[in-house]
4 protein chains.
Amino acid sequence: MPTPVTLDALNTCSEAEFVELLGSVFEDAPWVARAVAGLRPFADADALHAAMMAHVRGLPRSQCLDFLTLHPELAGLAARMGVMGAESTLEQGSLALAALSVDEAARWEELNQAYRHKFEFPFILCVRRHTRASALRIFAKRLANDRDTEFATALDEIGRITRLRLAGRIDGHGLANIAGRLTTHVLDTASGRPAEGVRVQLFETGGAERLLADRNTDRKGRTEQPLLDGGPLPTGQYELRFHLGDYFRAQGLSAEEPPFLDVVGIAFGIAEPEAHYHIPLTATPWAYSTYRGS
Amino acid sequence: MPTPVTLDALNTCSEAEFVELLGSVFEDAPWVARAVAGLRPFADADALHAAMMAHVRGLPRSQCLDFLTLHPELAGLAARMGVMGAESTLEQGSLALAALSVDEAARWEELNQAYRHKFEFPFILCVRRHTRASALRIFAKRLANDRDTEFATALDEIGRITRLRLAGRIDGHGLANIAGRLTTHVLDTASGRPAEGVRVQLFETGGAERLLADRNTDRKGRTEQPLLDGGPLPTGQYELRFHLGDYFRAQGLSAEEPPFLDVVGIAFGIAEPEAHYHIPLTATPWAYSTYRGS
Amino acid sequence: MPTPVTLDALNTCSEAEFVELLGSVFEDAPWVARAVAGLRPFADADALHAAMMAHVRGLPRSQCLDFLTLHPELAGLAARMGVMGAESTLEQGSLALAALSVDEAARWEELNQAYRHKFEFPFILCVRRHTRASALRIFAKRLANDRDTEFATALDEIGRITRLRLAGRIDGHGLANIAGRLTTHVLDTASGRPAEGVRVQLFETGGAERLLADRNTDRKGRTEQPLLDGGPLPTGQYELRFHLGDYFRAQGLSAEEPPFLDVVGIAFGIAEPEAHYHIPLTATPWAYSTYRGS
Amino acid sequence: MPTPVTLDALNTCSEAEFVELLGSVFEDAPWVARAVAGLRPFADADALHAAMMAHVRGLPRSQCLDFLTLHPELAGLAARMGVMGAESTLEQGSLALAALSVDEAARWEELNQAYRHKFEFPFILCVRRHTRASALRIFAKRLANDRDTEFATALDEIGRITRLRLAGRIDGHGLANIAGRLTTHVLDTASGRPAEGVRVQLFETGGAERLLADRNTDRKGRTEQPLLDGGPLPTGQYELRFHLGDYFRAQGLSAEEPPFLDVVGIAFGIAEPEAHYHIPLTATPWAYSTYRGS
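It should be emphasised that the depicted structure is a prediction, and the values quoted were computed from it without experimental measurement.

Reading guide: rules and limits
Numbering of residues starts from 1 in every chain and runs along the sequence as written. Chains carry letters and ligands carry numbers; both start at the beginning, A for chains and 1 for ligands, and go up in the order they are written. This being a predicted model, a pLDDT of at least 70 is required before a residue's local features are given, and a value of 80 or more before pairs of side-chain atoms are given or counted; all residues contribute to the totals for chains, interfaces and linings. To obtain the side-chain values, all non-hydrogen atoms of the structure were used and water was disregarded. A run of H or I in DSSP counts as a helix once it spans at least four residues, and a run of E counts as a strand once it spans at least two, with each numbered from the N terminus. A 1.4 Å probe rolled over the protein chains alone gives each residue an accessible area, and that area as a share of the maximum for its type sets the label: buried under 20%, exposed over 50%, partly exposed in between. Contact definition: two residues touch when any of their heavy atoms are within 4.5 Å. Here, Shrake-Rupley sampling with a 1.4 Å probe gives the accessible areas, and only protein chains in the shown set may cover a residue. Only four residue types enter the charge count: Lys and Arg as positive, Asp and Glu as negative, with His and the chain ends excluded. Each charge is placed at NZ for Lys, CZ for Arg, CG for Asp and CD for Glu. Note on definitions: buried area is the accessible-area loss of two parts on being combined, 1.4 Å probe, summed for both. In protein, a polar contact requires one atom able to donate a hydrogen and another able to accept it; more generally it is a pair of N or O atoms within 3.5 Å, and residues adjacent in sequence count only if both atoms are side-chain atoms. Any residue outside Ala, Val, Leu, Ile, Met, Phe, Trp, Tyr, Cys, Pro, Asp, Glu, Lys and Arg is labelled polar, Gly included; the first ten of those are nonpolar and the last four are charged. The distinction between a cavity and a pocket rests on a 1 Å grid over the protein atoms alone: a 1.4 Å probe fits inside a cavity but cannot get out, while a pocket stays open yet meets protein on both sides within 12 Å along at least five of seven lines, and a residue with an atom within 4 Å of a point counts as lining. Grid points are joined across faces, edges and corners, and a volume is the space filled by probe spheres set on the points. Each copy is superposed on the other by least squares, with the fit set by C-alpha atoms of residues at a pLDDT of at least 70 in both. In what follows, salt bridge is the name for a side-chain nitrogen of Lys or Arg lying within 4 Å of a carboxyl oxygen of Asp or Glu. As used here, the arc is the angular range of directions from the helix axis to the C-beta atoms.

This part is about the overall build of chain A. Along its length, chain A carries 11 helices and 8 strands. Projected onto its principal axes, the C-alpha positions of chain A cover 70 × 45 × 30 Å. Counting only residues that meet the buried cut, chain A has 53% of its 294 residues in that class. Of all intrachain contacts in chain A linking residues separated by at least 6 positions in sequence, the fraction that spans at least 24 positions is 68%. Carbon together with sulfur atoms contributes 52% to the accessible area of chain A, which is approximately 12,700 Å² in total. Here chain A contributes 30 positively and 38 negatively charged side chains, and the mean placements of these two sets differ by 2 Å.

In this complex, chain D contributes 29 residues to the contact, which on the side of chain C involves 29 residues. When chain D packs against chain C, the two sides together hide about 2,200 Å² of surface, and 55% of this comes from carbon and sulfur. Here chain D is connected to chain C by 8 residue pairs in polar contact (both at pLDDT 80 or more). Of all the secondary structure elements, the ones that give two or more residues to the side of chain D that touches chain C are strand 5 (236–243), strand 6 (263–270), strand 7 (276–284) and strand 8 (287–291) of chain D. Looking at the side of chain D that touches chain C, the element that brings in the most residues is strand 6 of chain D, giving 7 residues. Looking at the side of chain D that touches chain C, its residues break down into 16 nonpolar, 7 polar and 6 charged.

Space inside the largest pocket adds up to approximately 860 Å³. Lining the largest pocket are 41 residues, with His276, His278 and Ser294 of chain B together with His185 and Arg222 of chain C positioned closest to its centre. When contributions to the lining of the largest pocket are tallied by element, the ones reaching two or more residues are strand 1 (181–188) and strand 7 (276–284) of chain B together with strand 1 (181–188), strand 2 (193–194) and strand 7 (276–284) of chain C. When its residues are assigned to classes, the lining of the largest pocket shows 10 nonpolar, 20 polar and 11 charged.

Moving on to the relation of the copies chain A and chain B. Mapping chain A onto chain B calls for a screw motion: a turn of 180° about the axis and a shift of 0.0 Å along it, with 0.1 Å RMSD after fitting. Given the turn and translation reported, the copies of this chain are related as if by a two-fold rotation axis. Residue Ser289 of chain A of chain A places its C-alpha closer to the rotation axis than any other residue of that unit, at 2.0 Å. Same-surface contact between copies: 100% of interface residues of chain A are shared with the interface of chain B.

What follows concerns the pattern of salt bridges. Applying the stated rule across the entire model yields 71 salt bridges over all chains. The partner of Asp148 of chain A in a salt bridge is Arg61 of chain A, and the shortest N-O contact between them spans 3.3 Å. Taken together, the residues Asp148 of chain A in helix 10 (residues 147–169) and Arg61 of chain A in helix 5 (residues 61–69) connect sequence positions 87 residues apart. Taking the shortest distance from any N to any O, the salt bridge between Arg57 of chain B and Asp156 of chain B comes out at 3.2 Å.

In this section: helix 9 (residues 132–142) of chain A. Residue and element names in this part refer to chain A. For helix 9, the set of buried residues is Ser134, Ala135, Phe139 and Arg142. Seen end-on, helix 9 carries its buried residues on one side only, within an arc spanning 140°. Summarising the contacts, the buried residues of helix 9 are in contact with helix 8 (102–119) and helix 10.

A separate point is empty space enclosed by the protein. A complete count under the given rule lists 11 cavities of 30 Å³ or more for this structure. Of the voids in this model, the largest cavity is the one considered here, and its volume is about 450 Å³. Breaking the lining of the largest cavity down by element, the ones donating at least two residues are strand 7 (276–284) and strand 8 (287–291) of chain A, strand 7 and strand 8 (287–291) of chain B, strand 7 and strand 8 (287–291) of chain C together with strand 7 and strand 8 of chain D.

Right under this line is the structure:
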């Protein structure tokens, strides 16, 4: 991928440079960048992205279908043979498709074939907004759509994919609706203070469990960095595990063995990839509460 | 085991019948029953049990040691060969010792040998008050005691074992401190009503997970029967799982996919086998609280 | 009022006795009792009450209006002159109408006149289901009804009034939907135990504040008796005050002066006079929660 | 009071200017400023304040007592006659002493006399850290101290008073431990969103009730500005009132009349004037929770 440049640089470079810099934002379609080069300067990255999408949406339908057809299949042969574009490879990597079991690979294959048979273009999904489980669920659901709905949905997903790619090309892009955030906060309501030094683990669940973060709360009862941020939060199921037993033992509380509360798990789902999920825990050795906060 | 009889029957039967009825309450020691037969009538089952224990505690130490020595080892050869008394067999069964892996059996063997070597009598534990994990933990801990402490502890455990056996022999025994209870209660704080029809599962955890109960809440938000009762609650780790996602979907709430809250797990420890653990859940589709109630 | 008798006695006494016992259940209308005496025996008190109401509802409309007209006005001249029936006097007493300020008395007078002018019968309300504030609010609201609605509402209220009166006449009446209940429960979630010895006060608010109960929680964290029971809970506004500061100080917690939490007030409304309101408090020196429980 | 200047200006001006600018930080004692002028430059305002306090604490005891003696009495004659220093007047104003009833004024007079009689210098208190109620309570408590303790306490209070005064003289002072903060946050846990448009009132209680703030929550469920900030939070009792009934009615919830929850009051004490008190409310129409957060 090219090194990110400023919007200013994009607005003032030659058309050839512009196409070189943004040509691969749309899969195998440098002509999208070329088509909007003459519309420069763009006031902000949102305007640039809007112009690119407007061009694609304005194509004659047959041409647009050709464009869709060029997209690689998810978990498809191209992915497994390593012959996709660099960014598609990276993006599909976030689904850990390489790690698919034989059964899962067969399920993807089956869905891909059914989809292509019904719609004549490949299934297109902004995979960074999904876990494997939610990608499969949405795949099955979209297969039931009619052709017009799915044609529109594929373009919407291309909008999401290219928006994220554009964000990676422009220094200080300022694009809205690009990233979500997951944060937590532990309050010790027995002592009325933030709980410092509580180990907090985040797992992706809803399939094979996968550890995503392992932190300790600071003296404000928070983790220094969000548990997830910097991009869309993959739709799916997660669990936070708070090691309260160790914490309260260190406070000299809860002498019982085993303690009433030890590792407290909060299982939750993420359905809005660009939202802020704040999931605090207020706890004593004998009680706890959580809620979706803000 | 003999059919339970009333205290009145025990107070008025012949000495021979009395010994037949209660002779096996103390392992291989019908002489305990014989020794207290002459003290009848007993005002209540507690007085009867106290008299039996007083007799044992009053024995010369060497005789008492002989008595301890007659007890079968936990997970020992006798257990595995099927040559223990009927009730010991039943009680040890509650630990599911038969299902021990080779490694676990070796660990028990090792502890049994070390214990017998140090104390010259077998490790005695009221197993109905323990899960396998807590039995092992307490075994290791007691191995570190000195001989006097352990002698006293063994007698205390015999007190607990025989108290439970006595409860099984006497109709309407009225013995205090015999049983604990685990109950729950689900409140839907979005609608201000008890949550009816929530599936609640109880698992023993802290080792291989084991399903102990699977219920639905009634219109009071409770399960018709306690989740655990009728005897001591085995010390150990548990998890309640509340299927809130299904419940709120049935209420027409939480259209998101996946829902923020779906199966809510409350992991907790039990350290007081004869206590009442009431663990309520108050919940909306976006928040929940729990605490050790009463 | 007559001494309560059993349903059996009512079913088997003479008609004259029956009318003497139940003649005043309907205001100035012993003929209601007389009319149903021949329908005896009644299976239960609910059947008896249903028969009486059916007779009243079955009257020609003009006769029914005459009957409504005989009811005393609420807070009206009859009340203030002491010339109402014994039970009306007692029931109106629950509103503490005698204690009306000059302005309030004027407001009642004004509403009474407007009502009688519009409907030609007095405003009828089961006052035991209301506080002064809610009685006034509902009076103003009902004044806006049309004549048919208000005619039906008046009969419904007579049903409620007479149901309560009947409950007072029959030993072990078994009548459903007669009484509500207000209970509480204090959990100390810092220690995982019921909070014993917490002073709990109940006030009627929504006008001049009135202390209704002043108790201490027992070792289960409850008050020995419900805070309100034995009849309908008057619709209105209330406040529970929990003296947590004193409680936690006695536990050796919360050395700060002033404590973060001292007297915790829970203000709530009652809108269902025959319901069970359970309002628990879970608290530490630094946090608390409440909810409408069951 | 002089216009605030930068620390840089204080470090580089003439001694005369320095004394003019800071001479009144210590009551009637420009010699404190003069004594530290030669120690310039100061690295920060904390170092400057430390130097001034060190000079005072280093005085011979008799001289230090003379200095204490020059302080005006709280609520004393000087206050009532308007002959105190400008800042003392302003500071005492925060106690609203002018509004003292005859009884309260008599109580202050009595305490002032007893204190002066026992200690031979006036009662000195950083009044901005207190409400009237807490000032009186601490006055009575300090009267019981011995002379050495009270001498040290008076100097500590002078440290607090002058620290706040210094903060007012230096642009961008950077002084630590000067101000507390009271914030809130309302979460609607029925809908999983911040509660927008909830009216929140803050009252000082613990005497005649006084409204301190009246706000509406924004779309983050917070008030745009802290409810209290910019200086120490006066030690004392407060109540937050959240108008939840109006909020939930506007959401189309809670059709009952009266609603179960209407105006929810959270009564709390402040004991740490320089701390951050965050007091969130999570609520549905049927339940709420609060805690001291951070």
